[in-house]
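The residues making up each chain are set out below.
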Amino acid sequence: MNFFRGVIGGQAAGPQPSGAETIQKLCDRVASSTLLEDRRDAVRALKSLSKKYRMEVGTQAMDHLINILQTDRSDSEILGYALDTLYNIICNDEEEEQDESEDENAQKQADDLGALFTDKFIQDPEHVTLLLTLLEEFDFHVRWPGVKLLTALLKNQGVQLQGVILVSPMGVSRLMDLLADSREVIRNDGLLLLQQLTKGNAAIQKIVAFENAFERLLDIITEEGSSDGGIVVEDCLLLLLNLLKNNSSNQNFFKEGSYIQRMKPWFEVGDDNSGWSAQKVTNLHLMLQLVRVMVSPVNSPGATSSCQKSMYQCGLLQQLCTILMATGVPADILTETINTVSEVIRGSQVNQDYFASVNAPSNPPRPAIVVLLMSMVNERQPFVLRCAVLYCFQCFLYKNQKGQGEIVATLLPSTIDANSISAGQLLCGGLFSADSLSNWCAAVALAHALQDNLTQKEQLLRVQLATSLGKPPVSLLQQCTNILSQGDKIIRRGSKVQTRVGLLMLLCTWISNCPIAVTHFLHNQENVPFLTAQISENLGEDERLVQGLCALLLGICIYYNDNSLENYTKEKLKQLIEKRIGKENFVEKLGFITKHELYSRAAQKPQPVFPSPEQMLFDHEFTKLVKELEGVITKAVHKSSEEEKKEEEVKKTLEQHDNIVTQYKELIREQDSQIQELKEQVASMTSQNEQKQATITQQLSQIQQHKDQYNILKLKLGKENQSQSNSQGDVSQVNGLQTEELIQLKEEVEELRKQHTLLQTQLDDKDALINTLRSEAAQTAEGSAGGSENTELLKELETLRSQVQSQSTEINQLQTEREELLRRAEAGSSDVVHSSDGSLDSAKMAELESRLAAQMTETERLKEETKSLSGSRADLEQQLASATSTVAILQTEKAKLQTEVQESKKEQDDLLMLLADQDQKIHSLKQKLKDLGETVEDEDDLDAREQTDDDEEEEEEEDED
């Protein structure tokens, strides 16, 4: 009956199943059904119940849904349902949050559910890996729910999930592929996913950056219309901020990739800037923050300077200055632009100089600095804008002594122009106006014009102010102290503290490390009594800071006092503190500064950021000055006169030591220069020595060549003489050959004479070098090396001498061989004459005799030149012996000389190979002569025949006897 009622639509009797029971049945159906359609329907039903019964579905169905993701990968529809269901139970839906906003406990419970189910899901890292794998599916119904689910997981448990994705193979790369998806919904949700993924994880930020994220994001920004784009541009900019903020590696990659240049078109504005949409304002605000991230003062100085240089070179700074001077720009964008320009020029001299040259489009044109200062001292301008202008002025003067001088110069009497408003006039006007915030800003700005610049502190003492008609002008320093001392008469009571704090910071910065300014301050008889009275009084909580600053100012007067005023020397001021205030009380009041709550806030970063004007009391640079001076002032106050005298003596001693050290440094520099000169001389002499060694090697090779040529001539003459004795009919032919050989011998002798002349010239050069070495050796005798090094170099010189002697021996041997050759030539000539008395022509014989006589003359002259060369060699040996004092300089060249010797040996081997080739050629020529029928005999045969002829002659003589 129940079944029938269910079929016909009637309601079954009994209680209806609860939501938990229904979910349990659906889970059983998912787990047990074998048909894919049944499992798909069950998962779809779970999806529809997942928002209303979030707890039940999450606790009972999560494992089954994960199993579906693992087993039913082939069906994209059931995967989409499963992913949507998991997303519903993990994500804290906005509508659900709004519905439950009335009950905070329920809201907290919902948030806890999301974190609970997220922990359960990521408990097994394989589940995250599975989800990353599903993101590779191109099907929209799988990929989009997977992106949303992973984003929800990252929102709930970002740190844990980042760790799992980081160790997953190709995990980040798979997520980066989402940016290339052609479907904008997936791409945009991929941006949100990457935003959550890159929060606070530098390792993932680097991986994303090196996956070409900058290029893709900038392309998307350009495609979407840059600053005029929609929410997608905002998402891209937020992701870029995540990647670059506090990540020096990505910042350097961004700069090196020339992506800074691609930011310039973002800031192009037209003439009409009214009616900007809220989205455009948001986009431009994020773009300016992106520029500031690259040049933030918290970055390393080198990286910041490099980015500042790139921004100037690509024109980005110029574009920002255009926005700065444009009309109709919203106030918050103008404020952020001023802050951005401030950090782009901070500490960069080139950028600061450019900013000083920027003029506002007014008539007449005014410098941008003047226009900005007008806004700073105008109490009707917004507070955040005035703070931004002050920060811009501080950054303009940061490490910019040129700019500091230009600002102070506008206050000096010689440079004041009555027809125009200058920066100095605006600062003075703000310093003494009725607005306490203007007083404070002007005082801090003027203090930055004096920061770490002793010259400008002294120049500012010349500034005179006309207070009223009929009264003489007073100095700026005196006027500041007058305002402090008169207090309530000039400044309204409600703003007294802020004005006095600003003036005291200015005075402390002004007179610190400037004894002349201290003397000027103490010269006013009212200043010291005023300071002591302020410090010694028991005032309220608001006045404690003023008391601390007065104690700091008085301490600076003690520490930087040069005792030029008799009434206010260091000792008298300390006695005054001890009598009127007490040393312990003075130190306690001095400590009020660093204990103040706003002091710590100002010391954190250079930009003046304050929630309200009343809390604007401390400047960042002033906190550095307090930290530097507090300790030394405390020590100076507690020191006795004897300790000070001892310190002065120690200072004098240190100064003397410094002078001595300076003298020694100068002496060392001079010695270094002398050593450098000597090194250059050694290098020059070394090169000359190498040249001489090369010349000697060349001469050795030439001598060897001449020796070989003489041997060849000797063989040829012997053969010719033998031919002449054998055949009377061949006498004329032999005489012609001998004549040709004699001509060749004459040419060789002439060549040898030229080479000897060249050798003599080189020897003269060596004589000049030795004289130079002698003079240099006399100058550097004190710095010469030890005896062991001299001994080694002497050995090297002995080796050189032995080489020269061997050359001389070879020359003598060559001369002997040449004389023997000539003698044999003469004998052969006489034999020819005796054997051909009846057949030779008298004219030819006369010509032959004249040639032989000329040859003998040349030979005698060659002998004389050889003797002269031997004498020159002896002189050279004597001069080398006298130059032994310079051997220390030549030691470093030992290795090079050995190298040259090896090269000489190699060249000699090459010459031997050359001789072998010549012998081979002679042998081949002899063989050709034999083939032609000529009689050719070897040297051994010639010697044997000569011996036989001699024996026959002796036998004939005996027979005649």
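Residues numbered from 1 in each chain as written. Predicted model: local features only at pLDDT ≥ 70, side-chain atom pairs only at ≥ 80, totals over all residues. Heavy atoms only, no water.

## Let's talk about a nonpolar patch on the surface
No. 1: Residues Ile 660, Tyr 664, Leu 667 and Ile 668 make up a contiguous nonpolar surface patch of roughly 380 Å² in combined accessible area.
No. 2: Tracing the backbone shows Ile 660 in helix 37 (residues 641-726). (Patch = residues over 30% accessible without salt bridge, like charges linked within 9 Å, V, L, I, M, F, W, Y side chains within 5 Å. Areas by Shrake-Rupley, 256 points an atom, 1.4 Å probe, with all protein chains shown as cover. Salt bridge = Lys/Arg side-chain N within 4 Å of Asp/Glu carboxyl O. Helix = DSSP H or I, 4+ residues; strand = E, 2+ residues; numbered from the N terminus.)

## Examining the pattern of salt bridges
No. 1: Summed over all chains, the structure comprises 21 salt bridges.
No. 2: Asp 219 is the salt-bridge partner of Arg 262, the closest N and O atoms lying 2.8 Å from each other. Placement of the pair is Arg 262 in the loop between helix 15 (248-256) and helix 16 (278-294) and Asp 219 in helix 13 (residues 202-223), with a sequence separation of 43 residues.
No. 3: Assessed through its relative accessible area of 28%, Arg 262 is described here as partly exposed.
No. 4: Overall, Asp 219 belongs to the partly exposed group, its relative accessible area being 29%.
No. 5: Where Glu 597 meets Arg 601, a salt bridge forms, and the shortest distance between an N and an O atom there is 3.8 Å. Within this pair, Glu 597 and its partner Arg 601 are both found in helix 35 (residues 597-602), separated by 4 residues, close to a single helical turn.
No. 6: Given a relative accessible area of 59%, Glu 597 falls into the exposed group.
No. 7: In the salt-bridge network here, residues are joined through shared partners; they are Arg 40, Asp 75 and Glu 77. (Buried < 20%, exposed > 50% of the residue type's maximum accessible area, 1.4 Å probe, protein only.)

## Notes on empty space enclosed by the protein
A probe as big as a water molecule, rolled over the atoms, marks out the empty space that is left.
No. 1: This model, assessed by the stated rule, comprises 8 cavities of 30 Å³ or more.
No. 2: There is about 70 Å³ of room inside the second largest cavity.
No. 3: In terms of lining, the second largest cavity is formed by Arg 346, Tyr 391, Gln 394, Cys 395, Tyr 398, His 448, Pro 606, Asp 619, His 620 and Glu 621.
No. 4: Elements with a contribution of two residues or more to the lining of the second largest cavity: helix 22 (383-397) and helix 36 (620-638).
No. 5: Tallying contributions element by element places helix 22 first for the lining of the second largest cavity, with 3 residues.
No. 6: Taken together, the residues of the lining of the second largest cavity sort by class into 4 nonpolar, 3 polar and 3 charged. (1 Å grid on protein atoms, 1.4 Å probe; cavity = no way out; pocket = protein on both sides within 12 Å on 5 of 7 lines; lining within 4 Å. Points joined across faces, edges and corners; volume = space filled by probe spheres on them. Nonpolar A, V, L, I, M, F, W, Y, C, P; charged D, E, K, R; others polar.)

## Section: the packing of aromatic side chains
No. 1: The tally for this structure, following the rule as stated, stands at 12 aromatic pairs.
No. 2: Relative to Phe 253, the ring of Phe 210 has its centre 4.6 Å away and its plane inclined at 35 degrees; by these criteria the two rings are tilted. With Phe 210 in helix 13 and Phe 253 in helix 15, this residue pair connects regions lying 43 residues apart in the sequence.
No. 3: When the centroid spacing of 5.1 Å and the interplanar angle of 85 degrees are considered together, the rings of Phe 214 and Phe 254 count as edge-to-face. Within this pair, whereas Phe 214 is found in helix 13, its partner Phe 254 is found in helix 15, the two being separated by 40 residues in sequence.
No. 4: The buried category is assigned to Phe 254, whose relative accessible area is 0%.
No. 5: Cluster of aromatic residues (ring-pair linked, three or more members): Phe 210, Phe 214, Phe 253, Phe 254 and Tyr 259. (Phe/Tyr/Trp six-rings, centres within 6.5 Å; stacked < 30°, edge-to-face > 60°.)

## Re unusual backbone geometry
No. 1: The phi dihedral of Asn 246 falls on the positive side, at around 60 degrees, and the residue is not glycine.
No. 2: Mapped onto the elements of the fold, Asn 246 is located in the loop between helix 14 (231-244) and helix 15.
No. 3: The exposure class assigned to Asn 246 is exposed, which follows from its relative accessible area of 65%.
No. 4: Despite not being glycine, Asn 563 shows a phi value in the positive range, around 60 degrees.
No. 5: For Asn 563, the position within the fold is in the loop between helix 31 (541-559) and helix 32 (570-580).

## Points about a negative patch on the surface
No. 1: On the surface, a cluster of negative charge is contributed by Glu 903, Glu 907, Asp 909 and Asp 910.
No. 2: With respect to the secondary-structure elements, Asp 910 resides in helix 42 (residues 894-931). (Lys, Arg positive; Asp, Glu negative; His and termini not counted. Charge placed at Lys NZ, Arg CZ, Asp CG, Glu CD.)

## Some details on the packing of helix 3 (residues 36-49) against helix 5 (residues 76-90)
No. 1: Running from N to C, helix 3 and helix 5 point in directions that differ by 25 degrees, and their axes come no closer than 9 Å. The angle between helix 3 and helix 5 falls in the class roughly parallel. Note on packing geometry: the crossing formed by helix 3 with helix 5 is left-handed. Of helix 5, the residues touching helix 3 (which contributes Leu 36, Arg 39, Arg 40, Val 43, Arg 44, Leu 46 and Lys 47) are Glu 77, Ile 78, Tyr 81, Ala 82, Asp 84, Thr 85 and Asn 88.
No. 2: Of the residues contributing to the contact of helix 3 with helix 5, the split by class is 6 nonpolar, 2 polar and 6 charged. (Axes fitted to C-alpha atoms, helices over the stretch in contact; angles between N-to-C directions. Parallel < 35°, antiparallel > 145°, perpendicular 65-115°, else oblique. Left-handed = near helix turned anticlockwise from the far one by under 90°. Contact = heavy atoms within 4.5 Å.)

## Quick look at the nonpolar core
No. 1: Ranked by size, the top nonpolar core spans 206 residues in total, and within it Leu 150, Leu 175, Phe 267, Phe 355, Trp 510 and Leu 552 carry the most contacts.
No. 2: The element contributing the most residues to this core is helix 22, with 12 residues.
No. 3: Residues within four places of Leu 175 in sequence aside, it is in contact with Leu 132, Leu 135, Leu 150, Ile 165, Leu 193, Leu 194 and Leu 197. (Core = buried A, V, L, I, M, F, W, Y, C linked by side-chain atoms within 4.5 Å.)

## Digging into the side chain of Lys 255
No. 1: Within the fold, Lys 255 resides in helix 15.
No. 2: Apart from the residues within four sequence positions on either side, Lys 255 is in contact with Ile 260, Met 294, Ser 306, Cys 307 and Ser 310.

## So, the environment of Leu 426
No. 1: Topologically, Leu 426 is positioned in helix 24 (residues 423-431).
No. 2: Sequence separation of Leu 426 and Val 377 is 49 residues, and the distance between their C-alpha atoms is 7.4 Å.
No. 3: The contact partners of Leu 426, leaving out residues within four places of it in the chain, are Val 370, Leu 373, Met 374, Val 377 and Ile 421.

## A closer look at helix 4 (residues 54-71)
No. 1: Between its first and last C-alpha atoms helix 4 spans 24 Å; for 18 residues at 1.5 Å apiece the expected length is 26 Å, and the two agree.
No. 2: Remark: the principal bend of helix 4, roughly 60 degrees, maps to Ala 61.
No. 3: Of the residues making up helix 4, those classed as buried are Arg 54, Val 57, Gly 58, Ala 61, Met 62, Leu 65, Ile 66, Ile 68 and Leu 69. (Expected span 1.5 Å × (residues − 1). Bend = angle between axes of the 7 residues up to and from the residue.)

## Focus on the packing of helix 2 (residues 19-32) against helix 3
Each pair of packed helices gets described by two things: the angle between the helix axes and the distance between those axes.
No. 1: At their nearest, the axes of helix 2 and helix 3 sit 8 Å apart, and the two run at 150 degrees to each other. When the axes of helix 2 and helix 3 are compared, the pair comes out roughly antiparallel. Every pair of crossing elements has a handedness; the one defined by helix 2 and helix 3 is left-handed. Together, Thr 22, Ile 23, Leu 26, Cys 27, Arg 29 and Val 30 of helix 2 and Asp 38, Arg 39, Asp 41, Ala 42, Val 43, Ala 45, Leu 46 and Leu 49 of helix 3 make up the contact between the two elements.
No. 2: Of the residues assigned to the contact of helix 2 with helix 3, the class counts are 9 nonpolar, 1 polar and 4 charged.

## Focus: the environment of Leu 545
No. 1: Tracing the backbone shows Leu 545 in helix 31.
No. 2: On the accessibility criterion, Leu 545 (3% relative accessible area) is buried.
No. 3: Through-space distance from the C-alpha of Leu 545 to that of Val 501 is 7.8 Å; in sequence the pair is 44 residues apart.

## Observations concerning the confidence of the model for the chain
No. 1: On average, the chain scores 81 in pLDDT, and the residues at 70 or more come to 75%.
No. 2: Confidence, read as mean pLDDT per element, is least for helix 1 (residues 2-8) in the chain (32) and greatest for helix 22 (96).
No. 3: Predicted confidence for residues 728-737 stays below pLDDT 50, and this span has 13 contacts to residues more than four positions away or in other chains. (pLDDT = per-residue confidence, 0-100.)

## Re the state of the cysteines
By definition, a disulfide links the sulfur atoms of two cysteines through a covalent bond.
No. 1: Tallied over the entire structure, the rule returns 0 disulfides.
No. 2: Between Cys 508, a cysteine without a disulfide, and Cys 550, which holds the nearest cysteine sulfur, the sulfur-to-sulfur distance is 8.4 Å.
No. 3: Take Cys 508: its relative accessible area is 0%, and that puts it in the buried class.
No. 4: Considering cysteine sulfurs only, Cys 508 is the nearest to Cys 557, which forms no disulfide, with 8.4 Å between them. (Disulfide = S-S within 2.5 Å.)

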